[in-house]
Amino acid sequence: MVSKLNLLIMGPAGSGKGTQSAKITEDYNVVHLSTGDMFRAAISNQTPVGVQAQSFIDQGLLVPDEITVALVEERLVQSDVKERGFLLDGFPRTINQAEALSTILEKIEMPLNLIIDLKVDEKLLVDRISGRRMCKKCGTIYHITNNPPKVEGICDVDGETLYQRSDDNEEGLKVRLAEYNASTAPIMGYYKDSTDILDVDASLAPDQVFASISSKIESLLND
Ligand SMILES: [Zn+2]
């Protein structure tokens, strides 16, 4: 039985990772740690890590592993994480990062309880991604058939014109998916023998996906 949840969620673009993360965070009160959000916050607050990250981004370079790791560590040691546990999202992306994460978690004595691995087939992802439309102003995500706005091309929340990410097309998706598969397979291999992994069929409806995740989490909390 675990008293606090330390979770990791993995899944390619279009797997519903954002939706599931929101549901998990809401139902289980864990702190959602998304590297994207953490970078945005560190940069806007001009923390030491944020300043370093910004200089790489300004030069059009990838942020090196050690900076990403420092960012995650800076956040993991804060008291809300200690009290509520965490859901890591978007990290680790490489074996190096996975090893660094193990070192941090050992140091703060917060072992990972579960890895949620969202799996979707490529054809379905292409459909989900190519129909995706976003609002720049409020961040709401729509889908032209599965979750259309009330007025075509317009955000329900604020009336802003919706846009499509330039790489939200079949070619862009195949590139991203190939990158994802190339880096994720080794990461799952790294955890295979040490950590509980839940494979989820993320091509199902969001509620069904969440049902399998929460039944696993309940069993961790109650067994
Ligand atoms: Zn909007």
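It should be noted that the structure appears before, not after, this text.
Residues numbered from 1 in each chain as written. Predicted model: local features only at pLDDT ≥ 70, side-chain atom pairs only at ≥ 80, totals over all residues. Heavy atoms only, no water.

Chemist: Account for the packing of helix 7 (residues 122-130) against helix 8 (residues 170-191), with residues named and values stated.
Modeler: As a packed pair, helix 7 and helix 8 sit with axes 10 Å apart at the nearest point and diverge in direction by 130°. On the basis of the axis angle, helix 7 is oblique to helix 8. Handedness of the helix 7/helix 8 crossing: right-handed. Where helix 7 approaches helix 8, its residues Glu122, Leu125, Val126 and Ile129 are matched on the opposing element by Glu170, Leu173, Lys174, Arg176 and Leu177. (Axes fitted to C-alpha atoms, helices over the stretch in contact; angles between N-to-C directions. Helix = DSSP H or I, 4+ residues; strand = E, 2+ residues; numbered from the N terminus. Parallel < 35°, antiparallel > 145°, perpendicular 65-115°, else oblique. Left-handed = near helix turned anticlockwise from the far one by under 90°. Contact = heavy atoms within 4.5 Å.)

Chemist: I'd like to hear about the packing of aromatic side chains, residue by residue, with values.
Modeler: For any pair of aromatic rings, geometry is given as the distance between the ring centres together with the angle between the planes. For the structure shown, the criterion picks out one aromatic pair. Plain terms: the ring middles of Tyr190 and Tyr191 are 5.0 Å apart, the flat faces sit at 80° to each other, and that makes the pair edge-to-face. Exposure remark for Tyr190: the relative accessible area of 29% places this residue in the partly exposed category. Overall, the relative accessible area of 3% leaves Tyr191 in the buried class. Over the ring of Tyr163 we find Lys136, and its NZ or CZ is 4.4 Å from the ring centre. (Phe/Tyr/Trp six-rings, centres within 6.5 Å; stacked < 30°, edge-to-face > 60°. Buried < 20%, exposed > 50% of the residue type's maximum accessible area, 1.4 Å probe, protein only. Lys NZ or Arg CZ within 6 Å of the ring centre and 35° of its normal.)

Chemist: Can you break down the side chain of Thr184 residue by residue, with the values?
Modeler: Along the polypeptide, Thr184 turns up in helix 8. For Thr184, a relative accessible area of 7% translates into the label buried. A distance of 2.6 Å separates a polar side-chain atom of Thr184 from the backbone oxygen of Tyr180. (Polar contact = N/O pair within 3.5 Å; in protein donor to acceptor, adjacent residues only side chain to side chain.)

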